[in-house]
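These are the residues of each chain, in order.
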Amino acid sequence: MIDCGEGTQTQLVRYKLKYNRIGHIFISHLHGDHYLGLMGLLSTMHLQGRTTELHLFAQQELMDIIELQLRLSQTVLRYNLIFHPVKNYSGTVIHEDEDLTVTTMVLNHRIPCTGFLFREKPKPRKLLINKMKQYNIPFQFFSGIKNGENFEDDFGKIIPNEELTVSSGKPRSYAFCSDTLYMEQLADEVKNVDLLYHESTFMHDLLDRAKATFHSTSIEAATIAMKASVTKLVIGHFSARYKDLLPMLEEAKMVFPNTELAIEGTKFIVNEKK
Ligand SMILES: [Zn+2]
Ligand SMILES: [Zn+2]
(Lines give C-alpha, C1' and ligand atoms only; values in the text may rest on other atoms or scores of the structure.)
(Ligands and ions follow the chains in the order given, each with its own letter.)
Protein backbone atom coordinates (compact mmCIF):
# COMPACT_ATOMS: atom_id res chain seq x y z
CA MET A 1 0.00 0.00 0.00
CA ILE A 2 1.25 3.48 -0.82
CA ASP A 3 0.02 6.29 1.42
CA CYS A 4 -2.92 5.83 3.72
CA GLY A 5 -5.41 8.68 3.89
CA GLU A 6 -8.34 8.89 6.27
CA GLY A 7 -10.82 6.91 4.17
CA THR A 8 -8.54 3.94 3.58
CA GLN A 9 -10.34 1.38 5.74
CA THR A 10 -13.75 2.28 4.33
CA GLN A 11 -12.40 1.89 0.81
CA LEU A 12 -10.67 -1.42 1.58
CA VAL A 13 -14.03 -2.79 2.73
CA ARG A 14 -15.89 -1.23 -0.17
CA TYR A 15 -13.60 -2.77 -2.79
CA LYS A 16 -13.29 -6.07 -0.91
CA LEU A 17 -9.53 -5.84 -0.49
CA LYS A 18 -8.25 -8.05 2.29
CA TYR A 19 -6.29 -6.36 5.08
CA ASN A 20 -4.04 -9.37 5.39
CA ARG A 21 -2.82 -9.07 1.83
CA ILE A 22 -1.06 -5.88 2.88
CA GLY A 23 2.48 -6.70 3.94
CA HIS A 24 4.26 -3.44 3.12
CA ILE A 25 3.09 0.15 3.56
CA PHE A 26 4.96 3.10 2.04
CA ILE A 27 4.19 6.62 3.28
CA SER A 28 5.39 9.52 1.14
CA HIS A 29 5.18 12.36 3.67
CA LEU A 30 3.51 13.55 6.82
CA HIS A 31 0.73 15.75 5.49
CA GLY A 32 -2.52 14.42 6.91
CA ASP A 33 -4.10 13.46 3.59
CA HIS A 34 -1.28 10.91 3.13
CA TYR A 35 -1.13 9.17 6.48
CA LEU A 36 -4.00 9.96 8.85
CA GLY A 37 -5.67 6.63 8.05
CA LEU A 38 -2.63 4.66 9.11
CA MET A 39 -3.13 4.53 12.89
CA GLY A 40 -6.70 3.30 12.43
CA LEU A 41 -5.58 0.66 9.96
CA LEU A 42 -2.77 -0.56 12.25
CA SER A 43 -5.24 -0.68 15.10
CA THR A 44 -7.86 -2.65 13.15
CA MET A 45 -5.21 -5.16 12.06
CA HIS A 46 -4.35 -5.60 15.74
CA LEU A 47 -8.01 -6.05 16.76
CA GLN A 48 -8.55 -8.55 13.94
CA GLY A 49 -5.80 -10.66 15.44
CA ARG A 50 -3.18 -10.19 12.76
CA THR A 51 0.04 -12.04 13.56
CA THR A 52 1.94 -11.70 10.29
CA GLU A 53 4.57 -8.99 10.35
CA LEU A 54 3.96 -5.67 8.68
CA HIS A 55 6.69 -3.52 7.08
CA LEU A 56 6.31 0.23 7.23
CA PHE A 57 8.50 2.56 5.16
CA ALA A 58 8.36 6.25 6.10
CA GLN A 59 10.25 9.10 7.65
CA GLN A 60 11.41 8.47 11.21
CA GLU A 61 8.95 11.00 12.68
CA LEU A 62 6.02 8.78 11.73
CA MET A 63 7.29 6.05 14.01
CA ASP A 64 7.50 8.63 16.81
CA ILE A 65 3.83 9.47 16.23
CA ILE A 66 2.80 5.80 16.19
CA GLU A 67 4.82 4.94 19.28
CA LEU A 68 3.29 7.83 21.18
CA GLN A 69 -0.23 6.71 20.30
CA LEU A 70 0.47 3.09 21.20
CA ARG A 71 2.12 4.06 24.48
CA LEU A 72 -0.69 6.40 25.58
CA SER A 73 -3.35 3.81 24.78
CA GLN A 74 -1.25 1.09 26.40
CA THR A 75 -1.54 -1.01 23.26
CA VAL A 76 0.96 -3.70 22.38
CA LEU A 77 0.39 -4.74 18.77
CA ARG A 78 -0.14 -8.48 18.31
CA TYR A 79 1.96 -8.43 15.16
CA ASN A 80 5.47 -7.27 14.54
CA LEU A 81 5.52 -3.80 13.01
CA ILE A 82 8.89 -3.48 11.31
CA PHE A 83 9.81 0.11 10.68
CA HIS A 84 12.18 1.11 7.87
CA PRO A 85 13.14 4.78 8.13
CA VAL A 86 13.30 6.50 4.76
CA LYS A 87 16.09 9.02 4.46
CA ASN A 88 15.69 12.07 2.34
CA TYR A 89 17.79 11.16 -0.65
CA SER A 90 17.06 9.70 -4.05
CA GLY A 91 17.97 6.42 -5.62
CA THR A 92 18.15 4.38 -2.43
CA VAL A 93 16.86 0.83 -2.61
CA ILE A 94 14.72 0.58 0.53
CA HIS A 95 13.23 -2.83 -0.18
CA GLU A 96 14.19 -5.84 -2.20
CA ASP A 97 12.69 -9.31 -2.37
CA GLU A 98 12.65 -12.10 -4.95
CA ASP A 99 10.07 -10.27 -7.08
CA LEU A 100 10.95 -6.59 -7.00
CA THR A 101 12.97 -3.64 -5.77
CA VAL A 102 11.64 -0.39 -4.33
CA THR A 103 13.72 2.76 -4.78
CA THR A 104 13.14 6.22 -3.33
CA MET A 105 12.90 9.47 -5.26
CA VAL A 106 13.19 12.71 -3.32
CA LEU A 107 10.43 15.16 -4.23
CA ASN A 108 10.22 18.91 -3.71
CA HIS A 109 7.36 19.68 -1.33
CA ARG A 110 6.84 21.93 1.68
CA ILE A 111 7.98 19.17 4.01
CA PRO A 112 10.26 16.19 3.24
CA CYS A 113 8.49 14.01 0.70
CA THR A 114 9.47 10.81 -1.06
CA GLY A 115 8.29 9.07 -4.20
CA PHE A 116 8.63 5.33 -4.68
CA LEU A 117 9.72 3.42 -7.75
CA PHE A 118 8.72 -0.25 -7.97
CA ARG A 119 10.62 -2.42 -10.43
CA GLU A 120 9.91 -6.06 -10.99
CA LYS A 121 12.93 -8.30 -11.43
CA PRO A 122 13.29 -10.21 -14.69
CA LYS A 123 11.76 -13.65 -14.35
CA PRO A 124 13.30 -16.85 -15.74
CA ARG A 125 11.81 -18.14 -19.00
CA LYS A 126 8.95 -20.63 -18.82
CA LEU A 127 9.63 -24.23 -19.84
CA LEU A 128 7.41 -25.81 -22.50
CA ILE A 129 6.63 -29.12 -20.85
CA ASN A 130 5.68 -30.85 -24.11
CA LYS A 131 9.14 -29.97 -25.50
CA MET A 132 10.84 -31.34 -22.38
CA LYS A 133 9.04 -34.63 -23.05
CA GLN A 134 9.58 -34.57 -26.82
CA TYR A 135 13.36 -34.22 -26.43
CA ASN A 136 13.52 -36.35 -23.30
CA ILE A 137 15.25 -33.60 -21.38
CA PRO A 138 16.34 -34.70 -17.90
CA PHE A 139 15.14 -32.66 -14.94
CA GLN A 140 18.62 -31.45 -13.97
CA PHE A 141 18.82 -29.34 -17.17
CA PHE A 142 15.59 -27.47 -16.44
CA SER A 143 17.07 -24.62 -14.41
CA GLY A 144 19.77 -23.90 -17.02
CA ILE A 145 17.19 -23.88 -19.80
CA LYS A 146 14.98 -21.52 -17.79
CA ASN A 147 17.96 -19.18 -17.70
CA GLY A 148 18.35 -19.23 -21.47
CA GLU A 149 20.66 -22.20 -22.16
CA ASN A 150 20.24 -24.39 -25.23
CA PHE A 151 20.03 -28.18 -24.92
CA GLU A 152 22.28 -30.71 -26.63
CA ASP A 153 20.70 -34.12 -27.17
CA ASP A 154 22.48 -37.52 -27.21
CA PHE A 155 23.31 -37.15 -30.92
CA GLY A 156 24.99 -33.76 -30.43
CA LYS A 157 22.06 -31.87 -31.91
CA ILE A 158 21.54 -28.44 -30.39
CA ILE A 159 17.96 -27.55 -29.55
CA PRO A 160 17.79 -23.75 -29.32
CA ASN A 161 16.34 -22.24 -26.17
CA GLU A 162 13.58 -20.42 -28.08
CA GLU A 163 12.14 -23.78 -29.04
CA LEU A 164 12.08 -25.00 -25.45
CA THR A 165 10.82 -21.96 -23.56
CA VAL A 166 8.63 -18.90 -23.74
CA SER A 167 9.30 -15.49 -22.22
CA SER A 168 7.77 -14.77 -18.81
CA GLY A 169 7.01 -11.25 -20.01
CA LYS A 170 8.80 -7.98 -19.58
CA PRO A 171 9.36 -6.96 -15.95
CA ARG A 172 6.89 -4.27 -14.97
CA SER A 173 7.58 -0.92 -13.31
CA TYR A 174 5.46 1.61 -11.46
CA ALA A 175 6.49 5.02 -10.16
CA PHE A 176 4.50 6.87 -7.53
CA CYS A 177 5.28 10.59 -7.46
CA SER A 178 3.49 12.08 -4.49
CA ASP A 179 3.07 15.79 -3.71
CA THR A 180 5.74 17.81 -5.47
CA LEU A 181 6.67 20.91 -7.38
CA TYR A 182 7.53 20.26 -11.01
CA MET A 183 10.96 18.59 -10.99
CA GLU A 184 12.46 18.07 -14.39
CA GLN A 185 15.06 15.61 -13.09
CA LEU A 186 12.23 13.27 -12.07
CA ALA A 187 11.89 12.39 -15.74
CA ASP A 188 15.31 10.69 -15.57
CA GLU A 189 14.39 8.76 -12.46
CA VAL A 190 11.13 7.42 -13.91
CA LYS A 191 12.49 6.91 -17.44
CA ASN A 192 10.48 4.34 -19.43
CA VAL A 193 8.35 3.10 -16.55
CA ASP A 194 5.17 1.28 -17.53
CA LEU A 195 2.94 3.30 -15.24
CA LEU A 196 3.62 6.71 -13.74
CA TYR A 197 1.41 8.22 -11.09
CA HIS A 198 2.09 11.94 -10.81
CA GLU A 199 0.15 14.42 -8.76
CA SER A 200 -1.80 17.06 -10.64
CA THR A 201 -3.37 19.28 -8.03
CA PHE A 202 -4.19 22.19 -10.33
CA MET A 203 -4.91 22.98 -13.95
CA HIS A 204 -2.21 24.98 -15.64
CA ASP A 205 -3.93 28.40 -15.30
CA LEU A 206 -3.22 28.09 -11.57
CA LEU A 207 0.50 27.51 -12.06
CA ASP A 208 1.32 30.28 -9.58
CA ARG A 209 -0.88 28.66 -6.97
CA ALA A 210 0.79 25.31 -7.68
CA LYS A 211 4.21 26.83 -7.16
CA ALA A 212 3.18 28.61 -3.97
CA THR A 213 1.82 25.39 -2.45
CA PHE A 214 4.60 23.11 -3.80
CA HIS A 215 2.28 21.20 -6.10
CA SER A 216 2.16 20.47 -9.83
CA THR A 217 -0.26 21.15 -12.65
CA SER A 218 -1.73 18.77 -15.21
CA ILE A 219 0.60 20.10 -17.91
CA GLU A 220 3.60 19.63 -15.64
CA ALA A 221 2.67 16.05 -14.76
CA ALA A 222 2.17 15.27 -18.44
CA THR A 223 5.49 16.91 -19.30
CA ILE A 224 7.32 14.57 -16.92
CA ALA A 225 5.50 11.60 -18.51
CA MET A 226 6.41 12.79 -22.00
CA LYS A 227 10.07 13.50 -21.20
CA ALA A 228 10.38 10.14 -19.46
CA SER A 229 8.64 8.25 -22.30
CA VAL A 230 6.50 6.32 -19.87
CA THR A 231 3.79 4.02 -21.20
CA LYS A 232 0.89 5.40 -19.20
CA LEU A 233 0.34 8.39 -16.91
CA VAL A 234 -2.22 8.47 -14.11
CA ILE A 235 -2.86 11.87 -12.54
CA GLY A 236 -4.42 12.47 -9.14
CA HIS A 237 -4.49 14.55 -5.93
CA PHE A 238 -6.90 17.03 -7.52
CA SER A 239 -7.80 20.21 -5.69
CA ALA A 240 -11.35 20.05 -4.31
CA ARG A 241 -12.23 23.11 -6.45
CA TYR A 242 -12.54 20.89 -9.56
CA LYS A 243 -16.01 19.36 -9.65
CA ASP A 244 -15.55 18.25 -13.24
CA LEU A 245 -12.18 16.64 -13.93
CA LEU A 246 -12.52 16.22 -17.67
CA PRO A 247 -10.95 19.61 -18.54
CA MET A 248 -8.00 18.61 -16.33
CA LEU A 249 -7.68 15.33 -18.21
CA GLU A 250 -7.99 17.00 -21.61
CA GLU A 251 -5.29 19.48 -20.67
CA ALA A 252 -2.86 16.72 -19.66
CA LYS A 253 -3.66 14.74 -22.79
CA MET A 254 -2.58 17.64 -24.97
CA VAL A 255 0.96 16.95 -23.77
CA PHE A 256 0.75 13.23 -23.06
CA PRO A 257 -2.19 11.43 -24.72
CA ASN A 258 -2.08 8.18 -22.72
CA THR A 259 -3.23 9.82 -19.49
CA GLU A 260 -5.99 8.72 -17.13
CA LEU A 261 -7.56 10.14 -14.00
CA ALA A 262 -6.94 8.46 -10.65
CA ILE A 263 -10.61 8.12 -9.75
CA GLU A 264 -11.43 6.15 -6.57
CA GLY A 265 -11.83 2.46 -7.27
CA THR A 266 -10.29 2.48 -10.74
CA LYS A 267 -8.02 -0.45 -11.54
CA PHE A 268 -5.01 0.19 -13.76
CA ILE A 269 -3.19 -2.72 -15.31
CA VAL A 270 0.58 -2.24 -15.31
CA ASN A 271 1.68 -3.47 -18.71
CA GLU A 272 -0.53 -6.53 -18.78
CA LYS A 273 1.44 -9.67 -19.57
CA LYS A 274 0.67 -11.40 -22.84
ZN1 LIG B 1 1.53 17.27 0.89
ZN1 LIG C 1 -1.33 15.80 -0.34
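Up top is the structure.
None of the values given here were measured: they were computed from a predicted structure.

Details of the coordination of the zinc ion (ligand 1)
Every protein donor of the zinc ion (ligand 1) is accounted for by His29 (NE2), His31 (ND1), His109 (NE2) and Asp179 (OD), and the metal-donor separations fall at 2.1 to 2.3 Å. Seen from the zinc ion (ligand 1), its four donor atoms lie at angles of 91 to 167°, and the figure they make is irregular. Each donor residue of the zinc ion (ligand 1) lies on one chain, and together they are spaced H-x1-H-x77-H-x69-D. Taken as a pair, the zinc ion (ligand 1) and the zinc ion (ligand 2) lie 3.4 Å from each other and share Asp179 as a ligand. For the pair shown, His29 and His31 are each scored as buried.

Quick look at the side chain of Ser200
Counting through the fold element by element, Ser200 comes out in the loop between β12 (195-199) and α9 (207-212). What makes Ser200 buried here is its relative accessible area of 0%. At 3.3 Å, the side chain of Ser200 and the backbone nitrogen of Ser218 are in polar contact. Non-local contacts of Ser200, meaning those with residues more than four positions away in its chain, are made with Ser216, Thr217, Ser218, Ala221, Ile235, Gly236, His237, Phe238 and Met248.

Some points on the coordination of the zinc ion (ligand 2)
Asp33 (OD), His34 (NE2), Asp179 (OD) and His237 (NE2) make up the full set of protein donors to the zinc ion (ligand 2), lying at 2.1 to 2.2 Å. Mapped onto the sequence, the donors of the zinc ion (ligand 2) take the spacing D-H-x144-D-x57-H. Given the relative accessible area of 2%, Asp179 is considered buried.

Quick notes on the sheet that holds strand β14 (residues 259-261)
Strand order in the open sheet made by the seven strands is β4-β5-β6-β11-β12-β13-β14, with mixed pairing throughout. In this open sheet, the two edge strands, each paired with only one partner strand, are β4 (93-96) and β14. Each neighbouring strand pair of the sheet contributes to a mean axis angle of 20°, computed without reference to strand direction. As defined by bridge partners, strand β6 (residues 114-120) adjoins strand β11 (residues 173-177) across four bridges and the pair is classed as antiparallel.

Digging into the packing of helix α10 (residues 218-227) against helix α11 (residues 246-255)
Orientation of α10 relative to α11, taken along the N-to-C sense of each, is 35°, at an axis distance of 8 Å. For the pair α10 and α11, the crossing hand works out as right-handed. The residues of α11 that touch α10, namely those facing Ser218, Ile219, Ala222, Thr223 and Met226, are Met248, Glu251, Ala252, Met254 and Val255. In the contact of α10 with α11, the residues fall into seven nonpolar, two polar and one charged.

Re the packing of helix α3 (residues 38-47) against helix α4 (residues 60-72)
Packing of α3 against α4 leaves a shortest axis separation of 11 Å and a crossing angle of 50°. Taken together, the axes of α3 and α4 are oblique relative to one another. In this structure, the crossing between α3 and α4 has a hand that is right-handed. Contacts from Leu38, Met39 and Leu42 in α3 reach Leu62, Ile66, Gln69 and Leu70 in α4. Residues that form the contact of α3 with α4 fall into these classes: six nonpolar, one polar and no charged.

Quick look at the nonpolar core
If you look at the biggest cluster of nonpolar residues, it comprises 30 residues, and the most contacted ones within it are Val190 and Leu196. Contributions of two or more residues to this core are made by β11, α8 (186-189), α10, β13 (232-236) and α11. When residues in this core are grouped by element, the largest group, four residues, is from α10. In terms of nonpolar packing, the next biggest core, distinct from the first, is built from 23 residues, Cys4, Ile27, Tyr79 and Leu81 among them.

Quick look at the pattern of salt bridges
One pass over the structure, following the stated rule, counts seven salt bridges. Here Lys170 ties to Asp194 by a salt bridge, and the two come within 3.0 Å at their closest N and O atoms. Placement of the pair is Lys170 in the loop between β10 (165-166) and β11 and Asp194 in the loop between α8 and β12, with a sequence separation of 24 residues. Exposure remark for Asp194: the relative accessible area of 4% places this residue in the buried category.

Section: the sheet that holds strand β1 (residues 24-26)
With parallel pairing, the three strands of this open sheet are ordered in space as β1-β2-β3. The sheet terminates laterally at β1 and β3 (81-85), the two strands that pair on one side only. In this sheet, neighbouring strand axes are inclined to one another by 20° on average, regardless of whether the strands run parallel or antiparallel. In this sheet, strand β2 (residues 54-58) lies alongside β1 in parallel orientation, the contact comprising three bridges. Bridge pairing in β2 places His24 opposite His55.

Cut-off values and rules
Residues numbered from 1 in each chain as written. Chains lettered and ligands numbered in written order. Predicted model: local features only at pLDDT ≥ 70, side-chain atom pairs only at ≥ 80, totals over all residues. Heavy atoms only, no water. Donors = N, O, S within 2.8 Å, 3.2 Å for Na, K, Ca; no water. Tetrahedral: all angles 85-135°; square planar, octahedral: opposite > 155°, others 65-115°. Buried < 20%, exposed > 50% of the residue type's maximum accessible area, 1.4 Å probe, protein only. Helix = DSSP H or I, 4+ residues; strand = E, 2+ residues; numbered from the N terminus. Polar contact = N/O pair within 3.5 Å; in protein donor to acceptor, adjacent residues only side chain to side chain. Contact = heavy atoms within 4.5 Å. Pairing = 2+ DSSP bridges. Axes fitted to C-alpha atoms, helices over the stretch in contact; angles between N-to-C directions. Left-handed = near helix turned anticlockwise from the far one by under 90°. Nonpolar A, V, L, I, M, F, W, Y, C, P; charged D, E, K, R; others polar. Parallel < 35°, antiparallel > 145°, perpendicular 65-115°, else oblique. Core = buried A, V, L, I, M, F, W, Y, C linked by side-chain atoms within 4.5 Å. Salt bridge = Lys/Arg side-chain N within 4 Å of Asp/Glu carboxyl O.

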